Every structure is written in structure tokens, then in C-alpha cells.
Amino acid sequence: MTGRVTLVGAGPGDAGLLTLRGLRALQDADVIVADRLGARQVLQQLAEEGVVLTAEVVDVGKLPGHHPVPQDGINDLLVSLARDGRDVVRLKGGDPFVFGRGREEQLFCEEAGVTVEVVPGVTSAVSVPAVAGIPLTHRGLAASFTVVSAHDQIERIPGGSDHTVVLLMGVNTLGHSAHVLAAGARGDDCPVAIIEDGFGESQRITIGTLGTIASLAASRQVRSPAVIVVGDVVRLSPHAAASVTISSQPPRTHWSDALIAGLAVDTGLVQVVETSLNR
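Treat the numbers as computed from the prediction; the structure is a model and nothing was measured.

Parameters at a glance
- Residues numbered from 1 in each chain as written.
- Predicted model: local features only at pLDDT ≥ 70, side-chain atom pairs only at ≥ 80, totals over all residues.
- Heavy atoms only, no water.
- Helix = DSSP H or I, 4+ residues; strand = E, 2+ residues; numbered from the N terminus.
- Buried < 20%, exposed > 50% of the residue type's maximum accessible area, 1.4 Å probe, protein only.
- Contact = heavy atoms within 4.5 Å.
- Areas by Shrake-Rupley, 256 points an atom, 1.4 Å probe, with all protein chains shown as cover.
- 1 Å grid on protein atoms, 1.4 Å probe; cavity = no way out; pocket = protein on both sides within 12 Å on 5 of 7 lines; lining within 4 Å.
- Points joined across faces, edges and corners; volume = space filled by probe spheres on them.
- Salt bridge = Lys/Arg side-chain N within 4 Å of Asp/Glu carboxyl O.
- Pairing = 2+ DSSP bridges.
- Axes fitted to C-alpha atoms, helices over the stretch in contact; angles between N-to-C directions.
- Polar contact = N/O pair within 3.5 Å; in protein donor to acceptor, adjacent residues only side chain to side chain.
- Parallel < 35°, antiparallel > 145°, perpendicular 65-115°, else oblique.
- Left-handed = near helix turned anticlockwise from the far one by under 90°.
- pLDDT = per-residue confidence, 0-100.
- Arc of directions from axis to C-beta.

Draft legend 1. Structural detail: the overall build of the chain. Per the secondary structure count, the chain includes 10 helices and 10 strands. Expressed as a percentage of its 279 residues, the buried residues of the chain come to 49%. Counting only contacts in the chain whose residues sit at least 6 apart along the sequence, the fraction spanning at least 24 positions is 70%. For the chain, the exposed surface amounts to about 12900 Å²; the carbon and sulfur share of it is 51%.

Draft legend 2. A look at empty space enclosed by the protein. Evaluated as defined, the whole model comprises 1 cavity of 30 Å³ or more. Approximately 30 Å³ is the volume found for the largest cavity. Contributing to the lining of the largest cavity are L167, L174, S177, A178, L181, V192, L210, I213, I228 and V230. Of all the secondary structure elements, the ones that give two or more residues to the lining of the largest cavity are α6 (174-182) and β10 (226-230). Counting residues per element, the lining of the largest cavity draws most heavily on α6, which supplies 4 residues.

Draft legend 3. Inspection of the pattern of salt bridges at higher detail. Counting across every chain of the model gives 10 salt bridges. In this structure, E196 and R204 form a salt bridge, with 2.7 Å as the shortest nitrogen-oxygen distance. When its relative accessible area of 6% is taken as the criterion, E196 is described as buried. With relative accessibility at 25%, the residue R204 sits in the partly exposed group. In this structure, a network of salt bridges that share partners links the residues D35, R90, K92 and E105.

Draft legend 4. Just the sheet that holds strand β6 (residues 144-149), in detail. The sheet built from 5 strands is open, its strands ordered β6-β7-β10-β8-β9 with mixed pairing. Here the strands that pair on one side only, and so sit at the sheet edges, are β6 and β9 (204-209). The average undirected angle you get between the axes of adjacent strands in this sheet is 15°. Both β6 and strand β7 (residues 163-168) contribute to a ladder of 6 bridges, which runs parallel. In the sheet register, T146 faces β7, and the bridge partner there is V165. Relative to β10, helix α5 (residues 124-131) is tilted by about 80°, and along the sheet it contacts β6, β7, β8 (191-196) and β10.

Draft legend 5. The arrangement of the side chain of T206 in detail. Its place among the elements puts T206 in strand β9. Of the polar contacts made by the side chain of T206, one reaches the side chain of R220; its length is 2.7 Å. If sequence neighbours within four positions are ignored, T206 has contacts with V192, A193, I194, E196, I213, L216, R220 and V222.

Draft legend 6. Spatial organisation of the packing of α6 against helix α7 (residues 213-220). The interhelical angle for the contact between α6 and α7, taken along N-to-C directions, is 165°, at an axis separation of 9 Å. Classed by the angle they form, the pair α6 and α7 counts as roughly antiparallel. Where α6 crosses over α7, the two elements pack in a sense that is right-handed. Side by side, α6 and α7 meet where L174, G175 and A178 of the first sit next to I213, A214 and A217 of the second.

Draft legend 7. Broad picture of the confidence of the model for the chain. When the pLDDT values of the chain are averaged, the result is 88; 84% of them are 70 or greater. Across residues 264-270, where pLDDT falls below 50, the model places 19 contacts with residues more than four positions away in sequence or in other chains.

Draft legend 8. Looking closely at helix α1 (residues 20-28). Here α1 has its buried residues at G22, A25 and L26. Along the axis of α1, the buried positions cluster into a sector of 100°, meaning they face one direction only. Opposite the packed face of α1, turned more than 90 degrees from it, sit the exposed residues L20, R21 and D28.

This is the structure we're talking about:
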């Protein structure tokens, strides 16, 4: 008898944002195959709140640059567990279909004859900016937004500061991204916010502009995971109102500081930091 696989979005790491349907799937599961970001935090919080889950937990979490279980291995694991007659929950951070490779896993299972259900989750692209008081759209200010994976260097994104851009996985390419976005209609003065570890214990918000954000991030040693928001909507954040950095010059720092911070993996950041030194 073949089991089934349920792809569940764990949300941004707050158990309160896990859907009721997702919780029921976890309670019914025989095995939970969990990601690192978001998923493990939710499981821990549920346990602390007294929610009893009887399923075995298999950790397939990925760290930047270190994947203990490659994607092909995860795909094979899901099918193998289901063929053993077990009900499997694949618990993924955020939403399975937003840069989560959820559709890849669904197709692989279905091609192997395994039934798959998808339970959407709250994506960090929307929920994490909200903790900083930043809406992605706002009447009279922004009527559209784009969510981009900045794991690799981005290319030009049309629109001005009234079109919100959300960069996921973008800390290591921040200098390049700021340069590309500022080169268009947005300009150097376009507001930017970085929300580190949204909903986590180390949550921190950095506010600047496209012209200052790379240096600010280097000086503050910004770390992943983080969500980066670019556009006029950043000005609505109470953190922006209290921050002087949104109109200030970038701090003087050296590219070596950026290297220590783990940011200077592209030449864009080095150029931005060196430019600030020579002003």
C-alpha cells in the first residue's frame, strides 16, 4: 500500500502563521521531512506550545553553500517513504511554490505514482516586510510589486520607486543589486529596507537608500536570512521615520569589512564601498 506526500508551507518561522490545514497534516503524518529555515522553528514552537506530533522528523535542511541532502536525494527520499506506506509531510519554509522547488518535488512524486497534496504557506516575501511595517502596495504610493530571487546577480527590473521590489536570498549580491536598481528610474535616493531573521530571535531592520545600503549592510555585518525591500513603501515603516540613515551619507568603511561581513562576493559591493571611501 502506497502512502502519500503532502507539501506543507511552514511560513516564515512563526507557528502562528502556519495554516490550520498545514497543522492537521503534521498531526496526521508518519514522517516529516523538514527544511532548516522556517520549518524547524515551527516544529520547535509547536512542541513548546504543547502540540504533540508523533511523526518521525527527518532533517534535510540546507545551509548557504552546504547541502547535506541534495535535491535529488530529497526527491528519492519522499518517494521511498511513501512507497513504504507512510504518510509523509514535506515541510518547507515559506510557501512551497515561491522559490521552494515545491513543484519539482510534486512532479517527481507524481511521476513515480505517489499522490501529492499541496498546502500553501505564508511566504516571507510578504510577511517579513510586514513585521517592519512595510506594505508591498499602498494606495497612491505603489500599485504593484515584484519578487525576485537574488541568489544570483539580478538584471534590470523595470519601473521606478513606485514599483516595489522584494529581493529574497539577496544578502551576498546586495552591492550588485543596489547598483542595478539605482541605474534605472529608481535612482540612488530610492529607500531600501533589510529585515534580517524575520520573526526570529535575531530580527533586525536596516534602513537606507540604494546609494547607502551596501555600505550600511557591510558596517552592520548583515547576515542571511534576510528580506530586502526596495521602493517608496519603505518610507511608511516606523523604523524609517525614526532612522536618519535614509537621507544620510553611507558610513566610511573598507571593502575588507565587507569581506568579513560575508557580503563582498561580487564586484558591485566592492565598488560601492570604495566609492564611499573616496568621496
